[in-house]
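Residue strings, one per chain:
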Amino acid sequence: MASHNQIFRLIITFSLISWLMFQSHVSSQDKVNLSLYYESLCPYCADFIVNKLAKVLETDLASIVTLRLVPWGNTQIAPNTSWICQHGPAECLLNTVEACAIKVWSNLETHFKFINCVERMHLENRQSSWQSCFSATGLSQTPIKNCYNNGLGYRLEKAYADETASLNPNHRFVPWVLVNNQPLQEDYQNFIAYICRAYRGRNIPQACKNTALEINKTNVPDSTGPRVCFRG
């Protein structure tokens with residue numbers, strides 16, 4: 001027969017587990033949705049992924065964000081259903097490869113690690129050597145090859161094409177960034193301020209405390225000009 005102390009410990013343990021599950025649920029509900037619509041060989045998309053998003057995932061800001069990557073961008077579908085990618089066939093290939101990475105490695109940290117590597121290769125003008133990212137990240141190329149060759153990659157990209165086409169308002173360029181489904185348009189590089197403004201949870205990340213939350217409500221590009229790839 002269990003002693004009073006044992007029963008008390010069981011009650012405390014059960015209560016603690018229930019509290020943690022509740023806290024986890026609340027935390028999930030409080031997260032801010034961040035969506036990036038992009039294409040693989042747009043230099044501004046690559047710069048945003050490598051020099052902005054990558055740093056976010058290394059800070060406590062990542063704890064309040066649910067990030068989605070949608071690699072389709074400004075690709076067009078021809079009357080014969082072939083794809084016309086803005087930066088040529090290599091972009092169609094890499095968009096599909098990155099779509100496969102998102103699917104087969106559903107964990108954000110895993111697929112982002114690979115995509116970040118591929119995009120960094122582009123910034124370094126070494127995009128033709130993108131396959132070296134498998135060894136650089138310690139990830140197997142087999143599931144990506146299978147996804148690409150068995151038609152899954154095509155179906156994933158078709159779904160991304162439909163999703164991108166249904167954006168309201170329509171995207172005008174990439175990178176096209178949404179915070180809680182609201183497009184940031186030309187002010188996309190200020191996305192951290194929008195995330196911090198949108199967050200309604202109790203645990204404020206240090207990144208939000210350190211950020212000047214200035215939002216460009218006019219959506220007018222700064223004097224350096226638009227850092228985007230416009231739709232053709």
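Residues numbered from 1 in each chain as written. Predicted model: local features only at pLDDT ≥ 70, side-chain atom pairs only at ≥ 80, totals over all residues. Heavy atoms only, no water.

Enquirer: Quick question: what am I supposed to make of the sheet that holds strand β6 (residues 176-179) here?
Expert: The pairing of strands in a sheet comes from backbone hydrogen bonds and takes either a parallel or an antiparallel form. One open sheet accounts for 4 strands, arranged β2-β1-β6-β7; its pairing is mixed. A strand with exactly one partner marks an edge of an open sheet, and here the two such strands are β2 (65-71) and β7 (182-183). Inspection of the sheet shows β6 paired to β7 by 2 bridges, in the antiparallel sense. The residue bridging Val 179 from the neighbouring strand is Gln 182, located in β7. (Pairing = 2+ DSSP bridges. Helix = DSSP H or I, 4+ residues; strand = E, 2+ residues; numbered from the N terminus.)

Enquirer: Honestly, unusual backbone geometry in this entry has me stumped. Any pointers?
Expert: When glycine is set aside, most residues are seen to have a negative phi, and most peptide bonds are trans. Cis peptide bonds are those with omega within 30 degrees of zero, and the linkage from Asn 168 to Pro 169 qualifies with 5°. Secondary-structure assignment places Pro 169 in the loop between α7 (152-165) and β5 (173-174). The residue after Val 174, namely Pro 175, is reached through a cis peptide bond having omega 0°. Within the secondary structure layout, Pro 175 lies in the loop between β5 and β6. A positive phi angle, close to 50°, is found at Asn 180, a residue other than glycine. Mapped onto the elements of the fold, Asn 180 is located in the loop between β6 and β7. The class for Asn 180 is partly exposed, based on a relative accessible area of 31%. Positive phi is not limited to glycine here, since Asn 181 has a value of about 70°. Topologically, Asn 181 is positioned in the loop between β6 and β7. (Buried < 20%, exposed > 50% of the residue type's maximum accessible area, 1.4 Å probe, protein only.)

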